[in-house]
Amino acid sequence: MSLTLAEARDRAASISGVSYALELDLTDPAADRFGSRTTVRFTSSAPSTFLELTAATDLEVTLDGAPVEPAYDGRRLHLTGLGGEHDLTVAARLPFVTDGEGLHRTVDPADGATYLGAYLGLDVAQRLMCCFDQNDLKAPVTVAVAADPAWTVLANARVVAEGDGRWEFAPTPPIPVALVCVVAGPWASVRWRHAGLDFGWHARASLAAELERDAADLRAVTEGCFDHYARILEEPYPFDSYDQVFVPGLNWGAQEQPGCVIYRDEMLPAGRVPEDVRQLRTAVVAHEMAHMWFGDLVTMTWWEDTWLQESFADYMGYRVAADGAGVPGALLLHEVARKPGAYDADRRRSTHPVAPDTADVPDVASAATIFDAISYAKGASVLRQLVTWLGDEAFLRGLNTYLTRHRFANATLGDLVAALDEATDRDVRGWVGPWLRRSGFDTLRVERDGDVPVLHRDGVRPHRVRLTAYDDGWAETDAVVVDLADEPVPLPGMAGRVVVPNSHGETFARIVLDDASAAAVADGLCRVDDDLARGVLWTMLFDQVQTRDLPAEGFVDLVARHLPGERRAGLVTAVLGRTRDRVLPLRLDPGAATEAVAVLAATCATGLLHATDPDLAEGFATGFAETTHDAAALAGWLAADGVGSLPLTPALRWRVVRRLAALGAADAGAIEAERVRRPGLDADLGAAAALAARPTADAKEAAWAVAAAPDVGNRLLTAVLEGLWSVEQADLLAPYVDRYLSEAPGWAARGDGFAQVVGRARPALLLGAAQRALLDEQLAGDLPTVLRRSWADWAEDLD
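These notes cover the structure that comes with them. All residue numbers refer to positions counted from 1 along the written sequence of the respective chain. Only residues with pLDDT of 70 or above have their local features reported here, since the model is predicted, and side-chain atom pairs are shown and tallied only from 80 upward, although totals for entire chains, interfaces and linings are computed over all residues. Side-chain calculation: all heavy atoms of the structure are included, whereas hydrogens and water are not.

1. A closer look at the sheet that holds strand β11 (residues 141-146)
Here we have eight strands laid out as an open sheet, ordered β5-β4-β8-β2-β1-β11-β14-β13, and mixed in their pairing. Each edge of the sheet is formed by a strand with only one pairing partner; in this case those strands are β5 (66-68) and β13 (159-163). Put simply, the sheet's adjacent strands are angled 15° from each other on average, direction ignored. When DSSP finds two or more bridges between two strands, those strands count as paired. Going along the chain from the N terminus, every DSSP run of H or I of four or more residues is numbered as a helix, and every run of E of two or more is numbered as a strand. Here strand β4 (residues 57-63) pairs with strand β8 (residues 84-95) via five bridges, running antiparallel. The residue of β8 that forms the bridge with Val61 is Val90. On the sheet, helix α1 (residues 5-14) packs against β1 (15-25) and β2 (33-44) and is oriented at approximately 100° with respect to β1. Note on definitions: angles span 0 to 180 degrees between N-to-C directions of axes, and those axes are lines fitted to C-alpha atoms, for helices only across the stretch in contact. Residue contacts follow a heavy-atom distance rule, with two residues in contact if any of their heavy atoms lie within 4.5 Å.

Written as structure tokens, this is what we have:
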């Protein structure tokens, strides 16, 4: 049962003065369940209420010191006879999980060590503790944990007492229970003090060498971002310490738990760390730190204002990665790796405004569907346009008013708009309507009046954008910033030149070039010196394939012609990823897709030959390893443990092994030999994907048995299905497409987070008529809300 808006409003009106004391017994991490004891102090103006607690056994409840037996349905604990101040204690045993929703348990195969992490979120705090599981009942939380004395235990606040296997933490300021955090295990740690606070980075013991390798960079990034936020935000950092933990099995990229941020530990890879991974990691660090203010200090009242947290954190993430941590490439990654997905999402029927109406999010299950590219990448892009239109000084002045006015409380779109409106004489309220309250996006179109380019807008939003002019050799000759609304803007100073609108991605809009400029892009894209302008043009091409204005074969030809000359590894990775994930499975039949794979392999081979630095070489080597049919070349890479002077990272080795398996050139014995070469979580997952990739019926059946196991972990499911699906094995996989469509709804019933994992693991194949009919049949029936959204988007993309 998902909490409804009406229930949340009623409960918030009657409950106040909430605080929690949580005690966890984690002394038997191998058991099925752990002990959870929550003392909740609250005031009620109503005679009855309910709290959430999921799947509890051994339930013991006392209210105001007296044992009671309240009605309990497995999700809600119903209390009666209330009025005034109350003291409720609920003791129970709750299940450990492997799906990333609750107290997640991982046993590291590298050393047998166990790690526990409370990965909470929408409707998930109730899997850790008895609570009022809604954002606008923020409360102080005091945590105590009993666990192995040899472990390290971390939570949202600093430790105030430790000894004999018990940790006690200071009470937090008021926070949403969805952001309570506890992680426990034999972590490797790097600790220091900065700005009067304790800081730390932590990772599994088997990743201690990687943590030590990156410790200086991680500390510099953390301090750079922290100090930059201190300069631009008037509210001080609101918590008493700042730990960051690389954890196994997290469904999200990271989560912003106050004072104890958690990251999926794939961000701490073995081997050298490629440039695009460093840039992404830096942006994520800045993103999660932004949440300490946007989401933790000031929290949305209800889920329609998800964007107040995620859009702001995403925007601040790439901004502060550059200005605070000195890593400007994060903005390029936003343009080519995140923004295209937002354009895709915003043209689907399932799109929604960045700030939807409250009534459009009637319950928490529907809220889970708007943690999407609209609330993240589009919202961040819209905020960037707001800053461009409003001016940075006024923007920050309004933000600081908003944060101070609503500190440790809740807020809405109206609260933000009021603060911005006070900071400027521009019409902020008029701007909000078309940009935040309407879905979709405008088109910025260049036409010619003779030789003079004229910028037109097809849409309703005001835009302030940069236009760049180039000569025939792609040398930049001019750049201007213009305001565009109803009236076209002629650009006589750019007469006869190639013109690129929105050339640094200042706004969120489709761009259409005039014929001469479009022809110049097709001929000379790789010669554009400006990284951002080149990224904007690649995104334009992604859009043209999605809308079928550019045939997929034509796009693959452009990739073959221009990608080998690319100078940024992140752009190489983004273009190859888009081609793999969106072009081959959605726009080409199996025969044409197989031909395109061969073209990509040749493209990557050329790029690898001419790569000028290790990051480019790794990007092209990864693309080659995913597409080539040259098994001998790949076997040679494994034997040499390198590609020329480029050492193979463990991640790249596993891509090579998986491709060899898909080609029938690596059997189960070879895969097992690779797994034991460097045992650990990554090896287990890499082996699972490689075994699934083998081109035999027996291999596919064995892989399916792993994926369909009732207790399969989230990472294992993802690895197996990534290895299973291949556009080059469409005939062999046809029965498993049917089985996925039939069985996945049952898998997704485990929870919203796992449903997202299941939806993302859908077949990377163009569906046949019968398969498409089965997808439509399932969509017409009863599906978990999150999976329904994922599959409806998939169906629309196929159309």
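2. Considerations on the pattern of salt bridges
Whenever Lys or Arg places a side-chain nitrogen within 4 Å of a carboxyl oxygen from Asp or Glu, that contact is recorded as a salt bridge. Counted under the stated rule, the structure contains 68 salt bridges. Arg347 is the salt-bridge partner of Asp543, the closest N and O atoms lying 2.4 Å from each other. In this pair, Asp543 is assigned in helix α12 (residues 531-546) and Arg347 in the loop between α5 (329-346) and α6 (364-367), connecting sequence segments 196 residues apart. Buried, partly exposed and exposed residues are distinguished by accessible area as a fraction of the type maximum, computed with a 1.4 Å probe on protein chains only: under 20%, between the cut-offs, and over 50%, respectively. In this structure Arg347 comes out as partly exposed when scored by relative accessible area, which is 29%. For Glu701, the salt bridge goes to Arg739, with nearest N and O atoms at 3.2 Å. Residue Glu701 is found in helix α21 (residues 697-707), and its partner Arg739 is found in helix α23 (residues 730-748); the two are separated by 38 residues along the sequence. Judged by its relative accessible area of 37%, Glu701 falls in the partly exposed class. Arg739 sits in the partly exposed class, given a relative accessible area of 28%. Look at the salt bridges and you will find they share partners, linking Asp344, Arg347, Arg348, Asp372, Arg510, Asp543, Asp549, Arg578, Arg582, Arg789, Asp793 and Asp797 into a network.

3. Some details on the sheet that holds strand β27 (residues 489-490)
As a general point, the strands of a sheet are linked pairwise by backbone hydrogen bonds and lie either parallel or antiparallel. Read from one edge of the open sheet, four strands run β27-β24-β23-β29, paired in mixed fashion. One side of each edge strand has no neighbouring strand; the edge strands of this open sheet are β27 and β29 (509-512). Summarising the sheet, strand β23 (residues 442-449) and strand β24 (residues 452-458) pair through seven bridges and their orientation is antiparallel. Bridge pairing in β24 links Arg445 to His456.

4. Considering the nonpolar core
Counting 261 residues, the largest nonpolar core has Tyr229 and Phe395 as the members making the most contacts within it. Among the elements that line this core, the one with the most residues is helix α7 (residues 374-390), at ten residues. To define a nonpolar core, start from buried Ala, Val, Leu, Ile, Met, Phe, Trp, Tyr and Cys residues and group those joined through side-chain atoms within 4.5 Å.

5. Some details on empty space enclosed by the protein
A cavity, in this analysis, means grid points on a 1 Å lattice covering only the protein atoms where a 1.4 Å probe fits yet has no way out; a pocket is instead an open set bounded by protein on both sides within 12 Å along at least five of seven lines, and a residue lines either one if it has an atom within 4 Å of a point. Grid points are joined across faces, edges and corners, and a volume is the space filled by probe spheres set on the points. Taken as a whole, this structure holds four cavities of 30 Å³ or more when the rule is applied. Empty space within the largest cavity amounts to approximately 140 Å³. Looking at the largest cavity, it is lined by 15 residues, and the ones nearest its centre are Glu101, Leu122, Val124, Trp252 and Gly753. Top element by residues in the lining of the largest cavity is helix α24 (residues 752-760). It accounts for three residues. Residue classes follow a fixed rule: Ala, Val, Leu, Ile, Met, Phe, Trp, Tyr, Cys and Pro count as nonpolar, while Asp, Glu, Lys and Arg count as charged, and any other residue, Gly among them, counts as polar. The residue inventory of the lining of the largest cavity, partitioned by class, reads seven nonpolar, six polar and two charged. By volume, the second largest cavity is sized at about 120 Å³. Considering the residues around the second largest cavity, the lining is formed by Glu335, Tyr343, Phe441, Asn502, Ala509, Arg510, Ile511, Val536, Thr539, Met540 and Asp543. Mapped by element, the contributors of at least two residues to the lining of the second largest cavity are α5, β29 and α12. If one sorts the elements of the lining of the second largest cavity by residue count, α12 sits on top with four residues.

6. Observations concerning the pairing of β24
Of all seven residues in β24, five are buried; the element is thus mostly enclosed. Taking the residues between adjacent antiparallel strands as the criterion, β23 and β24 are bridged by two residues, where Gly450 takes a positive phi near 70°. Relative to β27, β24 is paired through two bridges, and the arrangement is antiparallel. The partner of Leu455 across the bridge, within β27, is Val489.

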